Amino acid sequence: MKDNAFTVSRRDFLLAAAATALAPPLVLQAAKRKIGPNDKLNHACIGVGGMGWGDLNQFGKHPRVNIVAICDVDAIRLKKASDAYPQARTYTDWRELLEKEGDKIDSVNVTVPDHNHFAIAIQAIRNGKHVYCQKPMCHDVAEVRVLTEAAVKAGVVTQLGTQIAAGKGDRTAVQWIKEGAIGKVKHAYLCSNRPGAVEHYRLVGPRPAEPQEAPSTLNWDLWVGTAPMRPFSPDIYHPTKWRAWQDFGTGWSGDIGCHIFDAVWKGLGLKAPKSVIAEVQKSWEDSPARRADTWPQGNHITWSFPGNKMTASRTLPVEWFDGEFYPPKEIRALFSETDYPAESAMLIGTKGALLIPHGKMPVLLPGDQFKDYKVPELEERNHYHHFAEACLGGPKTESHFAQSGPMTEAILLGTVAIRVPGQLLEWDAARMKFPNNPDAERYLSRIYRDGWRIAGL
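Residues numbered from 1 in each chain as written. Predicted model: local features only at pLDDT ≥ 70, side-chain atom pairs only at ≥ 80, totals over all residues. Heavy atoms only, no water.

What follows covers the nonpolar core. Residues F261 and L347 are the most contacted members of the largest nonpolar core, which totals 107 residues. Contact partners of L347, with chain neighbours within four places excluded, come to I177, I182, V185, H187, A188, V264, L268, G352, A353, L354 and I356. Listed in part, the 21 residues of the second largest apolar core include L41, I67, A390 and L392. (Core = buried A, V, L, I, M, F, W, Y, C linked by side-chain atoms within 4.5 Å. Buried < 20%, exposed > 50% of the residue type's maximum accessible area, 1.4 Å probe, protein only. Contact = heavy atoms within 4.5 Å.)

Have a look at this one:
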């Protein structure tokens, strides 16, 4: 695949995103293979280190999944995966994988840094492949809109990597919300105050003054991909810590927000927000250098969503807290101010409250009032296997893009608000504009690096 097959200007990207509702269906470069009742799903893993290693092994455990191709820019990680799955063909460049594998694969998972999610996923979808993509779906709001519409029009199976969404805890919470256990919902408080996260993952910066050569085992050019090129430096980009940098990650709310938001979004049937505003770490707000390069170490984001039959009023405030920002004491005290779950959602209703700890069973409050409330009997579900089974003709996935795309858009609007702290952004979802602050629209998309254009958008 030639480099000039990739890139799109900011103007064209936004025009494409805004026009998706009127655009004709995508013309796929390869039709989806019909998989027989005794056939296996031929799957390719793009990104096999860190979270990618876990994703690879989850798919590899499904009895009807063949891991036929693997790809990673890090030769050490690729060798580890190849040793575990010696039958899989190996690639360093995902573009080469998609081109050479052609009709040999049915599906892919995209488990790479955020800034390259869209480029890989859109090309796979255009090739008629089913796509499992780690969260957040994309780096930018405009990318999410285009990818969501493309997936729906192509008719492929999709799944966002919100693994907890498949668990009994989140699914129980969704059912309780929908059946009105706490009445009409008045307010939602989401938080991710994970111990150690600020110190280990949320770097202050600046970039090192002296560039270093990337190790011979890492293809740095491919790792940077769609982002602006910068010199390699150890320990602050690859692996893991790339999330702290605006060029590569989406900050803490972009990373963890998809997990914490998911049950709330599904249970309440939320749509695009009416507005969003953010309060951020003061030292970051006062530093032009940091604001231009890294994400703050603490954020408080407030969305105003249109109300519906599940809410107590015409609008629903949803607040997010991370880093140095915490939910109000009186909200935490509904459960326990000292033992309040560091990562959780709390919904305040007209008849009670619902606490949804990340990865655990939800709690109806006050406890005495709900001690006899029925817990639904739900079967165990594996998020990865649910995707594979959907590709094989089974039920729709838990976090398909038509469901998780609009949620991701809302979350990434929060990252836009972070970059213009203290400014209320009114959101026109249909036109993808901030009518009261057009200057902030520059953060809805980005210009890809030369040689990484996405044709046809």
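Having seen the model, we can carry on.
All right, on to the pattern of salt bridges then. Taken as a whole and assessed by the stated rule, the structure comprises 26 salt bridges. Taking the shortest distance from any N to any O, the salt bridge between E143 and R446 comes out at 2.9 Å. Note that E143 is positioned in helix α6 (residues 141–154) and R446 in the segment after β14 (425–426), a separation of 303 residues in sequence. Considered together, E143 and R446 belong to a single accessibility category, that of buried residues. Among the salt bridges present, the one from R194 reaches E343, with a minimum N-O distance of 3.2 Å. Placement of the pair is R194 in the loop between β7 (185–192) and α8 (197–201) and E343 in strand β11 (residues 343–349), with a sequence separation of 149 residues. Given the relative accessible area of 12%, E343 is considered buried. (Salt bridge = Lys/Arg side-chain N within 4 Å of Asp/Glu carboxyl O. Helix = DSSP H or I, 4+ residues; strand = E, 2+ residues; numbered from the N terminus.)

Attention now goes to the environment of T158. You can see T158 is positioned in strand β6 (residues 158–160). On the basis of relative accessibility, which here comes to 5%, the residue T158 falls in the buried class. Residues T158 and Y132, 26 residues apart in the sequence, show an inter-C-alpha distance of 5.5 Å.

Right, let's talk about the packing of helix α2 (residues 51–60) against helix α14 (residues 383–391) for a bit. Running from N to C, α2 and α14 point in directions that differ by 55°, and their axes come no closer than 9 Å. One way to sum up the angle between α2 and α14 is to call them oblique. In the packing of α2 onto α14, the handedness of the crossing is right-handed. For the pair α2 and α14, contact is made by M51, D55, Q58 and F59 and by Y384, H385 and F387, respectively. Here the residues of the contact of α2 with α14 are counted per class, giving 4 nonpolar, 2 polar and 1 charged. (Axes fitted to C-alpha atoms, helices over the stretch in contact; angles between N-to-C directions. Parallel < 35°, antiparallel > 145°, perpendicular 65-115°, else oblique. Left-handed = near helix turned anticlockwise from the far one by under 90°. Nonpolar A, V, L, I, M, F, W, Y, C, P; charged D, E, K, R; others polar.)

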